[in-house]
Amino acid sequence: MRYTTVIKEMNVLFSGQIMVVSNDSIVIQAFPIYGGRLAQNHTENILQNIAGVEETVPMVFISPLGFEDLLNLVPVNFTMGIPVEHWRLILGPTPLKNNAGHFPSNETSNEVVVGPSVADQYNWTVGTKIVVRGRELEVTGILDTKLALLNRCVFMPLTIAQELFNYRGSTNLITVKPAQGYSQKNLADTIESQIPSVKALTEDERNDMIQPILAQVETWNIGIQTVIFLMSLILVMTVTIMSVSERRRDFATLDAIGAPLTYVFRVVIFETSLIGVLGGILGILFGSLVALVLASLYTNIPLAMFFPTFYEIIPPFYMFEIFLAVVFVCCLGGIIPAINATRMRIAEVLRAEY
Amino acid sequence: MRVKAENLTKVYRLGSSLITAVDDVNLEVNEGALVAVVGRSGSGKSTLLNLIGLNDNPTSGNVFVDDVNVSSLSGRERRRMRLHRMGFVFQTFNLLPTLSAVENVELPMALANAPRKEQREKAVRLLETIGLGGRLSHRPKELSMGEMQRVAIARALANDPEVIIADEPTGELDSKTAEETVSLLSDINRKDRKTVIVATHDEKIVKLMDIVYTIQDGKLRLES
């Protein structure tokens, strides 16, 4: 879920832009997560001479992600180097938290703005001095955002990023804004024909590229949910069958004194529903707490810091969905035991006992 | 309520063998009668009572209640008849353990959709009548055997049935409590003119009964 959210957000950030990356880089949505460099000036010069290119912005995107990290539970931090006059290209109207601080003032200033999640994890505030690859940088602002990617990002001037991450004179990502009247697709084709060493990815292509990954993740999600659903169903059913079996004399007695079958059925379903309601509430409380404790342990963010944003981390709608699912599974799991209960006959029960 | 059994037979399978628990039984119980079915354990008396009480289906033969053949009734109609016209007392009391004495007595009335207030009033009255006015909120495990059986009798009377069917009602009781229980059933028969059919192997109970049948290997014989 975490990765699909990040992936889905990536395209929102660069809506309307063509992303130019090296042919040999591995790209997820708009971002080159592995390999591939572009000679900055050379590539930009060619791009700017192509009809229909209104603006180019070089960037450096540093990701510690290897494919082996995709299953890592620990949140990954990204670093982005962006020319200072182009912050808004990726950050849009995102403000700084409490309107405190400022974006890095010029290309050579040792200043960064960071995502709130990163700031929480390392206990950074505006004015904190941090050391990245041996260079001391100052946190000049903390983004006020809920987007997963921005939450985990450190933004710095492009020049500083190029120096720190050995990208002098090169970059791994250039955004191209098409001029009005030019289609992304035609312009991307032209770019690729003029610079054979690059991929020019339109918004549609980026979405198409990611669809198989998203589909696979969705398939896994559905698979896991199905297994959990079936396991829960079997568990509830087994426990209830045992409970009904232990009380077969009671159900047989109800039948003997003339209780309607619907009454007996309702008794069992009511019991399993009650288990669902109580189990759902306790499960959500306990599960949320465990999730927060684990998140706190993995990220070193104090547990107390999660509580103010508890409903953002685990939205009430999800809790309600889970609650309904639990109650539904319990009701469903009660059906077969309830039918069994309606079939208890005093004559058979007593005959079996004596 | 007049109950009649005609050529009643019940055969059931036990492992690979067939057991004839009730074998071609003919029986007639008139309204207001106090009847005992006497037999040793395994003789078929409980099976016979379950057949008469519509708790079991005969393999062959018919049961008539007021000249209506109830063997052909649907399960729903049989349950309705058990709820409104019959009361059951079991050897092991079969009280619901999670309910208090008064709630156990209220249960048949609740199933019959009696008004809530009426349920409570009648349940309390019944329990007070049989001397359990001080044990209303006690759960079965907090009651003695005799008290539990009296609660079971009160429950059987809850919907004012025409017939009480008691299967070994004294089987779990000491002789003094057994006597009290039989005396209670006898009072119910005499004062309220309810038909009472009791299955027992207790000779002391038999002496108090108007009509006594004996049953052996599923065959019923009128004794007195």
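What you see is a predicted model, and the numbers here were worked out from it, not measured in a lab.

Reading the values: rules and limits
- Residues numbered from 1 in each chain as written.
- Chains lettered and ligands numbered in written order.
- Predicted model: local features only at pLDDT ≥ 70, side-chain atom pairs only at ≥ 80, totals over all residues.
- Helix = DSSP H or I, 4+ residues; strand = E, 2+ residues; numbered from the N terminus.
- Rg over C-alpha atoms; globule rule 2.2 N^0.38 Å.
- Buried ≥ 20, exposed ≤ 12 C-beta atoms within 10 Å, placed from the backbone.
- Contact = placed C-beta atoms within 7 Å.
- Domains from an automatic or database assignment.
- Axes fitted to C-alpha atoms, helices over the stretch in contact; angles between N-to-C directions.
- Parallel < 35°, antiparallel > 145°, perpendicular 65-115°, else oblique.
- Left-handed = near helix turned anticlockwise from the far one by under 90°.
- Nonpolar A, V, L, I, M, F, W, Y, C, P; charged D, E, K, R; others polar.
- Pairing = 2+ DSSP bridges.
- Expected span 1.5 Å × (residues − 1).
- Bend = angle between axes of the 7 residues up to and from the residue.
- Core = buried A, V, L, I, M, F, W, Y, C linked by C-beta atoms within 7 Å.

In this section: the overall build of chain B. Within chain B, the secondary structure is distributed over seven helices and 10 strands. The globule rule puts the C-alpha radius of gyration for 224 residues at 17 Å, and the 17 Å found for chain B is close to it. Referenced to the eigenvectors of the C-alpha coordinate spread, the extents of chain B come out at roughly 45 × 40 × 40 Å. Classification of the 224 residues of chain B by burial places 46% in the buried group. Taking all contacts inside chain B whose residues are at least 6 apart in sequence as the whole, residues at least 24 apart take part in 70%.

Across its full length, chain A carries 13 helices and 13 strands. Expected size for 354 residues packed as a compact globule is a radius of gyration near 20 Å; at 29 Å, chain A overshoots this value by more than 25%. Expressed as lengths along the three principal axes of its C-alpha atoms, the size of chain A is roughly 95 × 45 × 35 Å. In chain A, buried positions account for 34% of the 354 residues.

Domains assigned within chain A are domain 1 (2–201) and domain 2 (213–353). For domain 1 of chain A and domain 2 of chain A, the distance between their C-alpha centres works out to 46 Å.

This paragraph deals with the packing of helix α3 (residues 101–111) of chain B against helix α4 (residues 116–129) of chain B. Residue and element names in this part refer to chain B. Interaxial distance between α3 and α4 falls to 9 Å at its minimum, and their mutual angle equals 125°. Overall, the two elements α3 and α4 adopt an arrangement that is oblique. As α3 packs across α4, the resulting crossing turns out to be right-handed. Taking contact as the criterion, the partners of Ala101, Val102, Val105, Glu106, Met109 and Ala110 in α3 are, on α4, Gln119, Arg120, Lys122, Ala123, Val124, Leu126 and Leu127. A per-class count over the contact of α3 with α4 returns nine nonpolar, one polar and three charged.

What the four strands build is an open sheet, ordered β2-β1-β4-β5 (chain B); its pairing is antiparallel. With one partner strand each, in any of the chains shown, β2 (17–29) and β5 (68–69) of chain B form the two edges of the open sheet.

Turning next to the interface of chain B and chain A. With 13 residues of chain B at the contact, the number on the chain A side is 13 residues. Secondary-structure elements contributing two or more residues to the side of chain B that touches chain A are α1 (45–52), α2 (75–85) and α3 of chain B. Considering every element that reaches the side of chain B that touches chain A, the biggest residue donor is α2(B), with four residues.

Once that is clear, we can look at the pairing of strand β10 (residues 219–222) of chain B. Residue and element names in this part refer to chain B. Pairing of strand β9 (residues 211–216) with β10 involves four bridges; the strand directions are antiparallel. Across the sheet, the residue bridging to Ile215 is Leu220, located in β10. Taken together, β9 and the strand that follows it, β10, pair antiparallel across an intervening segment of two residues, in which Asp217 is found at a positive phi of about 50°.

The next point concerns the environment of B:Val65. Residue and element names in this part refer to chain B. Tracing the backbone through its elements, the reader meets Val65 in strand β4 (residues 60–65). With 12 residues separating them along the chain, Val65 and Gly53 place their C-alpha atoms 10.0 Å apart. Beyond its immediate chain neighbours, meaning those up to four positions away, Val65 contacts Met1, Val3, Val70 and Met81.

In this section: the environment of A:Glu136. Residues and elements named next belong to chain A. Residue position: Glu136 is located in strand β9 (residues 135–142). Separated by 29 residues in sequence, Glu136 and Phe165 place their C-alpha atoms 14 Å apart. Residue contacts for Glu136: discarding those within four places in its chain leaves Asn110, Lys129 and Val131.

Right, let's talk about helix α12 (residues 316–342) of chain A for a bit. Residues and elements named next belong to chain A. In this model, α12 (27 residues) spans 38 Å end to end at C-alpha, consistent with the 39 Å of a helix rising 1.5 Å per residue. At Ile335, α12 is bent by approximately 35°, the largest bend along its length, and proline Pro337 sits one to four residues beyond. Listed as buried for α12 are Val326, Val329, Cys330, Gly333, Gly334, Pro337, Ala338, Ala341 and Thr342.

In terms of nonpolar packing, the biggest core is built from 79 residues, with B:Val35, B:Val37 and B:Ile197 touching the most fellow members. With seven residues, helix α5 (residues 145–157) of chain B is the single largest residue contributor to this core. Counting 50 residues, the second largest nonpolar core, distinct from the first, contains A:Ile18, A:Leu137, A:Ile174 and A:Leu187.

All names here are of chain A. Running from amino to carboxyl end, helix α8 (residues 203–246) crosses α12 at an angle of 35°, the nearest separation of the two axes being 8 Å. For α8 against α12, the interelement crossing comes out right-handed. Packed against α8, whose contacting residues are Phe229, Ser232, Leu233, Val236, Met237, Thr240, Ile241 and Val244, the element α12 presents Val329, Cys330, Leu332, Gly333, Gly334, Ile336, Pro337, Asn340 and Ala341 at the interface. Per-class residue counts for the contact of α8 with α12 are 12 nonpolar, five polar and no charged.

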